[in-house]
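Residue-level listing of the chains:
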Amino acid sequence: MTSPRILYAIQGTGNGHLARALDVVPLLRQRAGRLDVLVSGPPADLPLPFAVRYRCHGLGFIFGKKGGVDFARTFWQLQSARLLREIEQLRVQDYDLVISDFEPVSAWACQLRGVPCVALSHQSAVLHPQAPRPPKPDLMGRAVLRHYAPSTAQYGFHFQPYAPGISTPVIRRQVRELTPQNEGHYTVYLPAFDEATLVQRLRYLSRAVQWEVFSKHSPQESEHGNVRVRPVSGAAFLDSLARSAGVLCGAGFETPAEALYLGKKLLVVPMKNQYEQQCNAAALAGLGVPVVRSLKDKHLPALDHWLHHGPVVPVDYPDQTAAAIDKLLLEQLPAGVRPVLQPATALM
């Protein structure tokens, strides 16, 4: 038996995939003879404490400033010739296993060479037939989600274990070690809105509560009455999250999951024209989390009700990350290649 050579490829758009990698990479490193990491997409806000062997331009989505994806800028930075060159040059055949967290360069390199590619991602769970769906179908959005990073086997994370092969969220160690408090402010992370829009809407909603806004569009901190705007920073965001009374954010995956884990009341605003977030919103609504479609005036009564009467939705998110990775490795590694099993796994 030999120890595996593993390529772990991460989608770098946003911070969610990289936040999950903070826990996944050390676990894979313990179990692999050799682990290489690939990150593709725009530069991330989250510093990485592990070595990255491959950095690719890839195919990332660029957030707009009006509540959705900026498709014009996204397609402008596509640079198809560069993407094809990255796919052609990545030697996925040198590895016993390629694991992709919704990363397109590695996925399509595997597709090109007939090499298996195993998805370990939230998107895999979203695409499962038993996962929640929005009431209005979006065939194009679902097709993009399915073909963006194709895979031969799927292991997923979601807000609930809706089916076998779906685990509860990876709550990173930094979050599990926090001591939640309630100091009265509300933490806001809506990266698809610009600073001016957020300040105007939040001050219009309430000038009594304190808002701590983390903005991808703001290079420095600023104060606007009861609204404090801060650049995105992992440590500062977690500190604000832990001390908050509630969280107002997009319908991504990691931030809502971490807010729920910490016992914070939560309201989400799904990104426009983003099928994954629409699915997440449906799942969160099923748990009892309030969802509003925009920050327009017609939704302000729902936001105001949440501020004063919003529920805290209880969840149970045990640490299942190591078990999920062990299951994947034992099922997907080729014959004659076995992971370095940890004591708890070896006794199972």
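Placed above this text is the structure.
Residues numbered from 1 in each chain as written. Predicted model: local features only at pLDDT ≥ 70, side-chain atom pairs only at ≥ 80, totals over all residues. Heavy atoms only, no water.

**Details of the overall build of the chain**
Inference 1: Helix and strand content of the chain: 14 helices and 13 strands.
Inference 2: In terms of overall size, the chain behaves like a compact globule, its C-alpha atoms giving a radius of gyration of 20 Å where 348 residues would be expected to give roughly 20 Å.
Inference 3: Principal-axis analysis of the C-alpha atoms gives the chain an extent of 65 × 50 × 40 Å.
Inference 4: Partitioning the contacts of the chain with sequence separation of at least 6, the portion at a separation of at least 24 is 65%.
Inference 5: Accessible surface computed for the chain: about 15500 Å², of which carbon and sulfur atoms make up 55%.
Inference 6: Side-chain charges of the chain comprise 36 positive and 28 negative groups, with the mean position of each set lying 4 Å from the other. (Helix = DSSP H or I, 4+ residues; strand = E, 2+ residues; numbered from the N terminus. Rg over C-alpha atoms; globule rule 2.2 N^0.38 Å. Contact = heavy atoms within 4.5 Å. Areas by Shrake-Rupley, 256 points an atom, 1.4 Å probe, with all protein chains shown as cover. Lys, Arg positive; Asp, Glu negative; His and termini not counted. Charge placed at Lys NZ, Arg CZ, Asp CG, Glu CD.)

**Some details on the nonpolar core**
Inference 1: Tyr8, Leu28, Ile99, Leu266 and Leu329 are the most contacted members of the largest nonpolar core, which totals 58 residues.
Inference 2: Sort the elements by how many residues they give to this core and helix α1 (residues 16-31) lands first, with 8 residues.
Inference 3: Not counting chain neighbours up to four residues away, the residues in contact with Leu266 comprise Val247, Cys249, Pro256, Ala259, Leu260, Leu284, Val289, Pro290, Trp306 and Pro311. (Core = buried A, V, L, I, M, F, W, Y, C linked by side-chain atoms within 4.5 Å. Buried < 20%, exposed > 50% of the residue type's maximum accessible area, 1.4 Å probe, protein only.)

**Considering the packing of aromatic side chains**
Inference 1: Summed over all chains, the structure comprises 6 aromatic pairs.
Inference 2: Between Phe214 and Phe237, the aromatic rings sit 5.3 Å apart at their centres with planes inclined by 85°, giving edge-to-face as the arrangement. Placement of the pair is Phe214 in strand β9 (residues 211-215) and Phe237 in helix α9 (residues 234-243), with a sequence separation of 23 residues.
Inference 3: Taken together, the ring pairs connect Tyr186, Trp211 and Trp306 into an aromatic cluster.
Inference 4: One Lys or Arg, Lys265, reaches over the ring of Trp306 and ends 5.6 Å from the middle of that ring. (Phe/Tyr/Trp six-rings, centres within 6.5 Å; stacked < 30°, edge-to-face > 60°. Lys NZ or Arg CZ within 6 Å of the ring centre and 35° of its normal.)

**With respect to the pattern of salt bridges**
Inference 1: Across all of its chains, the model carries 19 salt bridges by this definition.
Inference 2: A salt bridge links Arg34 to Asp36, with the shortest nitrogen-to-oxygen separation between them at 2.8 Å.
Inference 3: A relative accessible area of 9% places Asp36 in the buried class.
Inference 4: Several salt bridges share partner residues, and in doing so they unite Glu183, Glu212, Glu221, Glu223, Arg228, Arg230, Asp239 and Arg243 into one network. (Salt bridge = Lys/Arg side-chain N within 4 Å of Asp/Glu carboxyl O.)

**Brief notes about the environment of Asp94**
Inference 1: On the secondary structure map, Asp94 appears in the loop between α3 (80-89) and β4 (97-101).
Inference 2: Taking C-alpha positions, Asp94 is 47 Å from Val292, a pair spaced 198 residues apart along the chain.
Inference 3: In terms of polar contacts, Asp94 uses its side chain to reach the side chain of Arg91, at 2.9 Å. (Polar contact = N/O pair within 3.5 Å; in protein donor to acceptor, adjacent residues only side chain to side chain.)

**Quick notes on the state of the cysteines**
Inference 1: Enumeration over the complete set of coordinates arrives at 0 disulfides.
Inference 2: Free cysteine: Cys110, not disulfide-bonded; nearest cysteine sulfur from Cys117 at 4.4 Å.
Inference 3: Looking at Cys249, it has no disulfide partner, and the nearest cysteine sulfur is the one in Cys279, 16 Å off. (Disulfide = S-S within 2.5 Å.)

**Notes on the sheet that holds strand β11 (residues 227-231)**
Inference 1: With mixed pairing, the 6 strands of this open sheet are ordered in space as β10-β11-β9-β8-β12-β13. Taken across any chain shown, the strands that pair with only one partner, and hence form the sheet edges, are β10 (222-224) and β13 (265-268). Geometrically, the sheet is characterised by an average inter-axis angle of 20° between neighbouring strands, direction not taken into account.
Inference 2: Pairing of β10 with β11 involves 3 bridges; the strand directions are antiparallel. If you follow Glu223 over to β11, its bridge partner there is Arg228. (Pairing = 2+ DSSP bridges. Axes fitted to C-alpha atoms, helices over the stretch in contact; angles between N-to-C directions.)

**Quick notes on α3**
Inference 1: Residues Leu83, Glu86 and Ile87 constitute the buried set of α3. On an axial view of α3, the arc spanned by its buried residues comes to 100°, and they lie on one face. Relative to its buried face, α3 has exposed residues pointing more than 90 degrees away, namely Ala81, Glu88 and Gln89.
Inference 2: For α3, the elements touching its buried residues are β3 (54-56) and α4 (104-113). (Arc of directions from axis to C-beta.)

Geometric values such as these leave the question of function open.
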